[in-house]
Amino acid sequence: EVIPDVWRKGVLKHSRDGDSDHHITCRDKVDSSKAVPIELKAGGVVFFNYNTPHRTRANLTAKPRAAVAYHFLATAHWVERAFPLPEHAEWITPIVWGPNCSQGKAEYGEEANSFEKDVEDCVNEKMKIFGETEE
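Calculation criteria
Residues numbered from 1 in each chain as written. Predicted model: local features only at pLDDT ≥ 70, side-chain atom pairs only at ≥ 80, totals over all residues. Heavy atoms only, no water. Helix = DSSP H or I, 4+ residues; strand = E, 2+ residues; numbered from the N terminus. Rg over C-alpha atoms; globule rule 2.2 N^0.38 Å. Contact = heavy atoms within 4.5 Å. Areas by Shrake-Rupley, 256 points an atom, 1.4 Å probe, with all protein chains shown as cover. Buried < 20%, exposed > 50% of the residue type's maximum accessible area, 1.4 Å probe, protein only.

J.: Give a description of the overall build of the protein chain that names residues and reports values.
T.: When helices and strands are tallied, the protein chain shows two helices and two strands. Starting at the N terminus, the α and β elements of the protein chain follow one another as β-β-α-α. Taken over the C-alpha trace, the protein chain has a radius of gyration of 20 Å; the compact-globule value for 135 residues is 14 Å, which it surpasses by more than 25%. Structurally, the protein chain occupies a C-alpha span of about 60 × 40 × 35 Å along its principal axes. Contacts spanning at least 24 positions in sequence make up 46% of the contacts within the protein chain whose residues lie at least 6 apart. Of the roughly 12,100 Å² of accessible surface on the protein chain, 55% is carried by carbon and sulfur atoms.

J.: Account for unusual backbone geometry, with residues named and values stated.
T.: With the exception of glycine, the majority of residues adopt a negative phi angle, and the majority of peptide bonds are in the trans configuration. A positive phi angle is found at Asp5, which is not glycine, with a value near 65°. When you line up the elements, Asp5 lands in the segment before strand S1 (15-16). Classification of Asp5 by relative accessible area gives partly exposed; the value is 45%. Phi at Gln103 takes a positive value of approximately 60°, unusual for a residue other than glycine. The partly exposed category is assigned to Gln103, whose relative accessible area is 36%.

J.: Give a detailed account of the environment of Ala66, specifying residues and quantitative values.
T.: Following the sequence through the fold, Ala66 ends up in the loop between strand S2 (24-25) and helix H1 (105-108). Given a relative accessible area of 76%, Ala66 falls into the exposed group. Put simply, Ala66 and Ala42 are 24 residues apart on the chain and 9.6 Å apart in space, counted from C-alpha to C-alpha.

Laid out in structure tokens, this is it:
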């Protein structure tokens, strides 16, 4: 769920979430009664401003749930991590655009800019499966 329009007020002060080994919270700075649930089907995606208060409630179903979060923000808004990570956790923050972008080399030791090739390989594989040929 998210709390709409709060991001317009500026960056909210966060603190360590005592119920988690890695989350931070701003719950004492927002009105949780204004939270809007967002339900997604498998494979669904949601986009929102980086300063939008958001959370995932407990999974009360018998089915497992997984999520992946990608955070994109202008480097002008970048703030160094203020809270420690759990022991042995890895913190990688790739810069994906602009003068400091290393195409993944600085972060992963090799370039990771193969999107166009990945798409081409995927299309070619589908064409093989369905017996189509490239024109």
